[in-house]
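# Chain and residue survey
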Amino acid sequence: MLAAPHAAATTPHGKSSIKAPAKPQQVKSPAKAQVKAPAKAKPKAMAAKKQAVQVNRKAVPVAVVAPPRPSYGQLAGLHGKQDALALKSSVAFVVDQDTKEVLFSKNENAVLPIASLTKLMTGVLVSEARLPLDEMLEITQADVDTEKGSSSRLRVGTQLSRGELLHLALMSSENRAAHALGRTYPGGLSTFVGLMNLKARQLGMVDTQYVEPTGLSSRNQSSAKDLATLVSYAYGDVTLREMSTSVGHQVEVGNRTLQFNNTNRLVKSPEWDIGLQKTGYISEAGQCLVMQARIAGRKLILVFLDSAGKLTRLADAERVRKWVEAGHASPARSTPLALKGFDSRIAAN
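All of these numbers come straight from a predicted model, not from anything done at the bench.

Time to look at the layout of surface pockets. Roughly 520 Å³ of internal volume is contained in the largest pocket. Along the wall of the largest pocket there are 24 residues; nearest its centre are Ser116, Ser150, Ser173, Asn175 and Tyr281. Breaking the lining of the largest pocket down by element, the ones donating at least two residues are strand E8 (256-261) and strand E9 (274-282). In terms of residue count, the dominant contributor to the lining of the largest pocket is E9 (four residues). Residues belonging to the lining of the largest pocket are distributed by class as follows: four nonpolar, 14 polar and six charged.

Our focus in this paragraph is the side chain of Glu174. For Glu174, the position within the fold is in the loop between helix H5 (162-171) and helix H6 (175-183). The side chain of Glu174 is buried and forms no salt bridge, while Arg176, the nearest opposite charge, is found at 6.0 Å.

A complete count under the given rule lists two aromatic pairs for this structure. Consider the rings of Phe104 and Trp323, whose centres lie 5.8 Å apart with planes at 80°: the pair is edge-to-face. Of this pair, Phe104 sits in strand E2 (residues 102-106) while Trp323 sits in helix H10 (residues 312-325), and the two are 219 residues apart along the sequence. Each member of the pair, Phe104 as well as Trp323, carries the same accessibility label: buried. The ring of Phe260 is capped by Arg153, whose NZ or CZ atom sits 4.2 Å from the centre of that ring. Here Arg241 stacks its cationic end above the ring of Tyr235, 4.9 Å away from the centre of that ring.

Criteria and cut-off values
- Residues numbered from 1 in each chain as written.
- Predicted model: local features only at pLDDT ≥ 70, side-chain atom pairs only at ≥ 80, totals over all residues.
- Heavy atoms only, no water.
- 1 Å grid on protein atoms, 1.4 Å probe; cavity = no way out; pocket = protein on both sides within 12 Å on 5 of 7 lines; lining within 4 Å.
- Points joined across faces, edges and corners; volume = space filled by probe spheres on them.
- Helix = DSSP H or I, 4+ residues; strand = E, 2+ residues; numbered from the N terminus.
- Nonpolar A, V, L, I, M, F, W, Y, C, P; charged D, E, K, R; others polar.
- Buried < 20%, exposed > 50% of the residue type's maximum accessible area, 1.4 Å probe, protein only.
- Lys, Arg positive; Asp, Glu negative; His and termini not counted.
- Salt bridge = Lys/Arg side-chain N within 4 Å of Asp/Glu carboxyl O.
- Phe/Tyr/Trp six-rings, centres within 6.5 Å; stacked < 30°, edge-to-face > 60°.
- Lys NZ or Arg CZ within 6 Å of the ring centre and 35° of its normal.

In structure tokens form, the structure reads like this:
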């Protein structure tokens, strides 16, 4: 390509001198050398770049975040069901606590992992056992999460009262606190889990099973209807109501003061009158939320399971609240909490 300009340059000299062709040869030689030099250098430069890329690629996997695991609800195809309120939760259930009338339902019979909603049953057992809430308990290595590897600000060796641990478990979903409550229960952890399942059966929660007190295990499972039963029952305990709806709480750990906040920011909203609540999340369960709230003068129980996105469960609750306040809510069918054992139930094991 570069030889053509030099050939053209020799044209004016063709008639004036016989020696003119000698000059183009001298010009061509360095010109070709200049062209060839980059050509030889280019592969080296490219090789250096490739080497750099390869070095960078070796470091990339450390920073790459694995795609989120699909929830059990997603695997079961529950998100494909549409509803009138366009909720993002694949499971939703709204019932009048007094009349037992179902106002809204969506996949309410599906049996799914419930994550930290488990801690509501943990709280029920601890509260009803009338164990001394001022008794000091210690966080041990046994309370460290080996299921999901979650972190905690309650270090091994931390000593807090049973009441403080119960508060943190219900309000800020503290896993080590919940596990310590079950571990230190009279008879130990296995006895505690057995009583969790016994209590569920006594309440008629036939779709529910527990294997540990925190909700970190995906084998802790229930249905929206069962959870509505549990929320209605737990609401009768003033301790659970106050602790679960507390906006924040400070605890003294050694020479440190730790501030814990509620995992449900709706408790701070003046538009909400929440009597009891609990949130939950693990990848298998998605974002979960249960609440007892007074809306438009009615005491309602709201259950949202398997919602994708951190704020979608709260947005779903807001949609339901506005829908009820607008007067659109009407009973879907009566006595929902007595309806059990549907064949359409989805078991995600």
